[in-house]
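Per-entry structural report
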Amino acid sequence: MSPLDFDSTRLPSPHLADSHEAWRKSVRAFVDREIAPNVNCWDEAGGFPRDLHQKAAAIGIIGLGYPEDYGGVSEGVDLFHSLIVAEELARAGSGGLIAGLMTHGIGLPPVIALGSDELKARIAPPVLAGEKLIALCVTEPSGGSDVANLKTRAKRDGDDYVVSGEKTYITSGCRADYLTVAVRTGGDGAGGLSFLLVEADRPGVTRARLDKMGWWMSDTASIHFDDVRVPAENLIGALNGGFAGIVTNFNMERLSMATQAIAFARVCIEDAANWARERQTFGKPLSKHQVIRHKLAEMVRQVHASSAFLDNCTWRVMRGESPVAELALLKVQATRTMEFCAREAMQILGGASFIRGQRIERIYREVRVMAIGGGSEEIMLDLAARQMGV
Ligand SMILES: Cc1cc2nc3c(=O)[nH]c(=O)nc-3n(C[C@H](O)[C@H](O)[C@H](O)COP(=O)(O)OP(=O)(O)OC[C@H]3O[C@@H](n4cnc5c(N)ncnc54)[C@H](O)[C@@H]3O)c2cc1C
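Here's a quick rundown of the structure. As the structure is a computational prediction, the values presented were derived from the model and not from experiment.

Once that is clear, we can look at the overall build of the protein chain. The helix and strand tally for the protein chain stands at 13 helices and 10 strands. Against the 2.2 N^0.38 benchmark of 21 Å for 390 residues, the protein chain shows a C-alpha radius of gyration of 21 Å, consistent with a compact globule. Taking the principal axes of its C-alpha atoms as reference, the protein chain extends roughly 80 × 50 × 40 Å. For the protein chain, with 390 residues in total, the buried portion stands at 55%. Contacts in the protein chain between residues far apart in sequence, at least 24 positions, make up 75% of those at least 6 positions apart. Total accessible area on the protein chain stands at roughly 16600 Å², and carbon and sulfur atoms take up 54% of it. For the protein chain, the distance from the average site of its 43 positive side-chain charges to the average site of its 48 negative ones is 6 Å.

Next comes the structure, spelled out in structure tokens:
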């Protein structure tokens, strides 16, 4: 019988073929070589080397699933290949690493899906080569959940838009070269929103780093736009047609976050099971105490349920469906699984869990951002309820 670990807690999927397993092996080798040995020190230092983006691009991680014309890798690639990247990166036990390294996963898709050919040819190749970084700027100090009411304004003036307003909690906001900014170009509500590509070095852009409870190695910024002039050709997609793009982007972000959350739960199981086998209390290993065995069984139960749900949602998205309600429920299911497993793993490790420098301690600090970012639990449940006609 194989020990309870990261791999033994992955349910077999009918959607995975040899190419997925081969891809998993290469991503894992990259993570074990370039990331895992450095995670603790990068987290304490509050950042990771910028050339990691280029190294990840070189093995195909950054360009995976993007058009070959712009330097991506799409031949023989499906959504399961992309989620394997999220899963294997999560094995290193740092959400901050994934948020920082893969920010283009939320910043670039609007450009690819809606942008003009000129914009795509200008922006996508350096991003997919890991040379330039791109961030997504939707959330504002006045609120992130009520996206349709965002306030940052872009007014047309001759050949330019003039942007004024403020964004906050923006991942990679200080390091990014390009900002995909949701702006109000029209009237009130969802119908007045557009996406605009703002080069971060334009006069009037100022950025400040925010300190956080977790995700230390990912830079999170507040960004001011003080009458920033941006050429009109930087408009991404149709004028006042940005809301649909924001929603599509959210769906994919939620699928990726659910994948990560389940993988983090499996990391917790692996480290807690190892500890439970080794640690002796009352004359026997912790794992021989029924209370502890049941904790591990409960963790696996929840991981299996969440994984099966994830597999089904991924398959539906790959078939061209947009299961908005299920993706919202999946994000809640997956992040609650992560929350439960992080808590129980902390209990199994006891005092050792509270000491910095190991995966469970870091994951525990990262639970809240997973349950709030990309659509909070409350908003996800309400969205799902409305979609289901409640
Ligand atoms: C580390 C980090 C990184 C992030 N990265 C990015 C990024 O790269 N780009 C970006 O645009 N955003 C980013 N975000 C923002 C994130 O998406 C928002 O924090 C999230 O959408 C919630 O918005 P808010 O924080 O403004 O909360 P609010 O919208 O102010 O809501 C506050 C609380 O009230 C609840 N609530 C709100 N409305 C209702 C309601 N109608 N019914 C019941 N409950 C309600 C919410 O669930 C939430 O718990 C990031 C956030 C963090 C913490």
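Next up on the list: the pattern of salt bridges. Following the criterion strictly, the structure yields 35 salt bridges and no others. With its nearest N and O atoms 3.3 Å apart, the salt bridge here joins Asp382 to Arg386. In this pair, Asp382 and Arg386 are both assigned in helix H13 (residues 377-387), 4 residues apart and thus about one turn of the helix distant. With relative accessibility at 42%, the residue Asp382 sits in the partly exposed group. Taking relative accessible area as the criterion, Arg386 reaches 55% and is therefore assigned exposed. Among the charged side chains, a salt-bridge network with shared partners connects Asp7, Arg10, Glu21, Arg24, Arg28, Glu87, Glu88 and Arg266.

Turning our eyes to something else, we now look at the site of the ligand. Residues in close proximity to the ligand total 20 residues, the closest being Thr139, Gly144, Ser145, Tyr169 and Ser376. Contact distances for the ligand include 2.9 Å between a nitrogen atom and a backbone N or O atom of Leu136. Val138 places a main-chain nitrogen or oxygen 2.9 Å from an oxygen atom of the ligand. When the ligand sits alone it has 970 Å² of accessible area, and the protein chains cover 64% of it. Elements that contribute at least two residues to the shell around the ligand include exactly strand S1 (134-137), strand S3 (160-171), helix H12 (359-372) and H13.

Mapped onto the secondary structure, Asn249 falls in helix H9 (residues 242-278). Excluding residues that lie within four positions of it along the chain, Asn249 makes contacts with Ile106, Pro109, Pro110 and Leu136.

Moving on to helix H3 (residues 51-58). Of the residues making up H3, those classed as buried are Leu52, His53, Ala56 and Ala57. The buried side chains of H3 occupy one side of the element, clustering within an arc of 140 degrees when seen end-on. On its buried face, H3 sits against helix H1 (18-35), helix H2 (39-45), helix H5 (95-101) and helix H8 (117-128). Downstream of H3 by one or two residues, Gly60 has phi in the positive range, about 100 degrees.

If a residue is not glycine, its phi is most likely negative; likewise, a peptide bond is most likely trans. The phi dihedral of Tyr169 is positive, around 60 degrees, even though this residue is not glycine. We classify Tyr169 as exposed; its relative accessible area is 58%.

Running from N to C, H9 and H12 point in directions that differ by 155 degrees, and their axes come no closer than 10 Å. It follows from the interaxial angle that H9 and H12 lie roughly antiparallel. The element H9 and its partner H12 pack so that their crossing is left-handed. Contacts from Met257, Gln260, Ala261, Phe264, Val267, Cys268, Glu270, Asp271 and Ala272 of H9 reach H12 at Arg359, Ile360, Ile363, Glu366, Val369 and Met370. Considering only residue class, the contact of H9 with H12 consists of 10 nonpolar, 1 polar and 4 charged.

If you walk through the whole model with that rule in mind, you get 1 aromatic pair. Relative to Phe48, the ring of Trp42 has its centre 6.1 Å away and its plane inclined at 45 degrees; by these criteria the two rings are tilted. Each member of the pair, Trp42 together with Phe48, is buried. If you follow Arg156 out to its NZ or CZ, it ends over the ring of Tyr161, 5.4 Å from the centre.

How each quantity is defined
Residues numbered from 1 in each chain as written. Predicted model: local features only at pLDDT ≥ 70, side-chain atom pairs only at ≥ 80, totals over all residues. Heavy atoms only, no water. Helix = DSSP H or I, 4+ residues; strand = E, 2+ residues; numbered from the N terminus. Rg over C-alpha atoms; globule rule 2.2 N^0.38 Å. Buried < 20%, exposed > 50% of the residue type's maximum accessible area, 1.4 Å probe, protein only. Contact = heavy atoms within 4.5 Å. Areas by Shrake-Rupley, 256 points an atom, 1.4 Å probe, with all protein chains shown as cover. Lys, Arg positive; Asp, Glu negative; His and termini not counted. Charge placed at Lys NZ, Arg CZ, Asp CG, Glu CD. Salt bridge = Lys/Arg side-chain N within 4 Å of Asp/Glu carboxyl O. Near = heavy atom within 4 Å. Polar contact = N/O pair within 3.5 Å; in protein donor to acceptor, adjacent residues only side chain to side chain. Arc of directions from axis to C-beta. Axes fitted to C-alpha atoms, helices over the stretch in contact; angles between N-to-C directions. Parallel < 35°, antiparallel > 145°, perpendicular 65-115°, else oblique. Left-handed = near helix turned anticlockwise from the far one by under 90°. Nonpolar A, V, L, I, M, F, W, Y, C, P; charged D, E, K, R; others polar. Phe/Tyr/Trp six-rings, centres within 6.5 Å; stacked < 30°, edge-to-face > 60°. Lys NZ or Arg CZ within 6 Å of the ring centre and 35° of its normal.

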